[in-house]
Amino acid sequence: MSSTARADASGGRSFATRRWNHRRRPLGANVRKSSTTPRASVEDAGDGLVQVGAIVGAHGLRGEVRVLPMTDFIDERFMTRGSTLQAETSAQGRSKVSGEYDAPIGETREVSVRGGRWVTSKGRNDVIVKLSGVDDRTSAEALVGTRLFVSPSDRAPLRDEAGQTSGDGDDEFYAQELQGMRVIDRESGSEVGVVEDVVRGAGTQDLLKVGFSAFDEEFEIDTEFYVYVPFVKDIVPLVDAKNRLMEITPPGGLLDLKTPKKTKAQRAKIAAKAKAASEQ
């Protein structure tokens, strides 16, 4: 079985990313973010809680809520009676900047799951959850925009103390473990950049969003770029969680598919300021 990076994301989103043995779709394929399985985010945000979902709607009249899952462990978190979660006491909502549920964690309280199920509606599969103390639609609607968390200690260990993997994968990682890792070009030994995000891809593999600085030839300034690296073993042969680095063997042209983080107008403004400063 190929390796897996699972995730309960803290302060943001989560999913399992699978490091396939081989690349499964051509480079340059469109990168899409699933609306039902969002991106992961920084591991130790806020008070260390791990984000596993967001309440996005009320369902029915008996206090059930519709949850946007941010974890691969949906059954364990939302379908198991007695599962304990931390729920925000007030809605933080989506970030006005990113459009994601990645705002700082608000005040939380402990809630218990009384039951959960899948419901198919309008061609969409929804996670419907019944929480303790939420018994009518008014109470459910008051929770819309709040997020659900668990303690990091509630996550299943993927490796033992010796670093060996548990389960049936040969090297499993939580997606948050990959974030912040240095990315090294195996052939040259040079540092490419840092993993900023793990994005669920459109096909069978996920993508590492690697950020780095480079010279912007169009505006003749140094600027920040990012590139998507398929999380597959023939491109990412080594992931060293202990030393917080990974090695990549990018095929020709992969790193040239970079995208500037700033818009063209922003870069032009920066270049103009740099030019003006140099002429003083």
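Nothing here was measured: the structure is a model prediction, and the numbers come from that model.

Definitions and limits used
Residues numbered from 1 in each chain as written. Predicted model: local features only at pLDDT ≥ 70, side-chain atom pairs only at ≥ 80, totals over all residues. Heavy atoms only, no water. Helix = DSSP H or I, 4+ residues; strand = E, 2+ residues; numbered from the N terminus. Buried < 20%, exposed > 50% of the residue type's maximum accessible area, 1.4 Å probe, protein only. Pairing = 2+ DSSP bridges. Salt bridge = Lys/Arg side-chain N within 4 Å of Asp/Glu carboxyl O. Core = buried A, V, L, I, M, F, W, Y, C linked by side-chain atoms within 4.5 Å. Contact = heavy atoms within 4.5 Å. Axes fitted to C-alpha atoms, helices over the stretch in contact; angles between N-to-C directions. Phe/Tyr/Trp six-rings, centres within 6.5 Å; stacked < 30°, edge-to-face > 60°.

Looking only at helices and strands, the protein chain features four helices and 16 strands. Burial statistics for the protein chain: of 280 residues in total, 46% are counted as buried.

The pairing of strand S10 (residues 182-185) with strand S11 (residues 191-199) spans three bridges and is classified as antiparallel. Opposite valine 183, over in S11, you have glycine 193 as the bridge partner. Counting the residues between successive antiparallel strands, the hairpin from S10 to S11 contains five residues, one of them, glycine 189, with a positive phi of roughly 80°. Direction of pairing for S10 relative to strand S15 (residues 245-248): parallel, over a ladder of four bridges. Within S15, the residue paired with isoleucine 184 across the bridge is glutamate 247.

A complete count under the given rule lists 13 salt bridges for this structure. Across the pair lysine 130 and aspartate 135 runs a salt bridge, and its minimum N-O distance is 3.6 Å. Classification of aspartate 135 as partly exposed rests on a relative accessible area of 48%. Between arginine 186 and glutamate 247 there is a salt bridge, with its nearest N and O atoms 2.6 Å apart.

Another aspect to go through is the nonpolar core. The biggest cluster of nonpolar side chains holds 23 residues, and the ones touching the most others in it are Leu178, Leu208, Val210, Val229, Val236, Val239 and Met246. Contributing elements (two or more residues each) for this core: helix H3 (175-178), S11, strand S12 (207-216), strand S13 (221-230) and S15. Of all the elements, S12 adds the most residues to this core, at four residues. Non-local contacts of valine 229, meaning those with residues more than four positions away in its chain, are made with Asp206, Leu207, Leu208, Val210, Ile235, Val236 and Leu254. Membership of the second largest hydrophobic core comes to 21 residues, among which are Met79, Val113, Val127 and Leu131.

As a further point, take unusual backbone geometry. One non-glycine residue, lysine 122, lies in positive phi territory at about 55°. Relative to the assigned elements, lysine 122 resides in the loop between strand S6 (108-121) and strand S7 (124-131). At glutamate 220, a residue that is not glycine, the phi angle is positive and equals roughly 60°.

Read from one edge of the open sheet, seven strands run S14-S15-S10-S11-S12-S13-S16, paired in mixed fashion. Bordering the open sheet on either side are strand S14 (238-240) and strand S16 (259-260), each of which pairs with just one other strand. In terms of strand pairing, S13 meets S16 through two bridges, oriented antiparallel. Within S16, the position partnered with phenylalanine 225 by the bridge is proline 260. Taken strand by strand, helix H4 (residues 264-279) contacts S12, S13 and S16, and its axis lies near 150° from that of S13.

Before going further, it helps to examine the packing of aromatic side chains. Counting across every chain of the model gives two aromatic pairs. Between phenylalanine 212 and phenylalanine 225, the aromatic rings sit 6.3 Å apart at their centres with planes inclined by 20°, giving stacked as the arrangement. Taken together, the positions of phenylalanine 212 in strand S12 and phenylalanine 225 in strand S13 put the pair 13 residues apart, joining distant regions of the chain. An identical accessibility class is assigned to phenylalanine 212 and phenylalanine 225; each is buried.

These results come straight from atomic positions and should not be treated as a statement about function.
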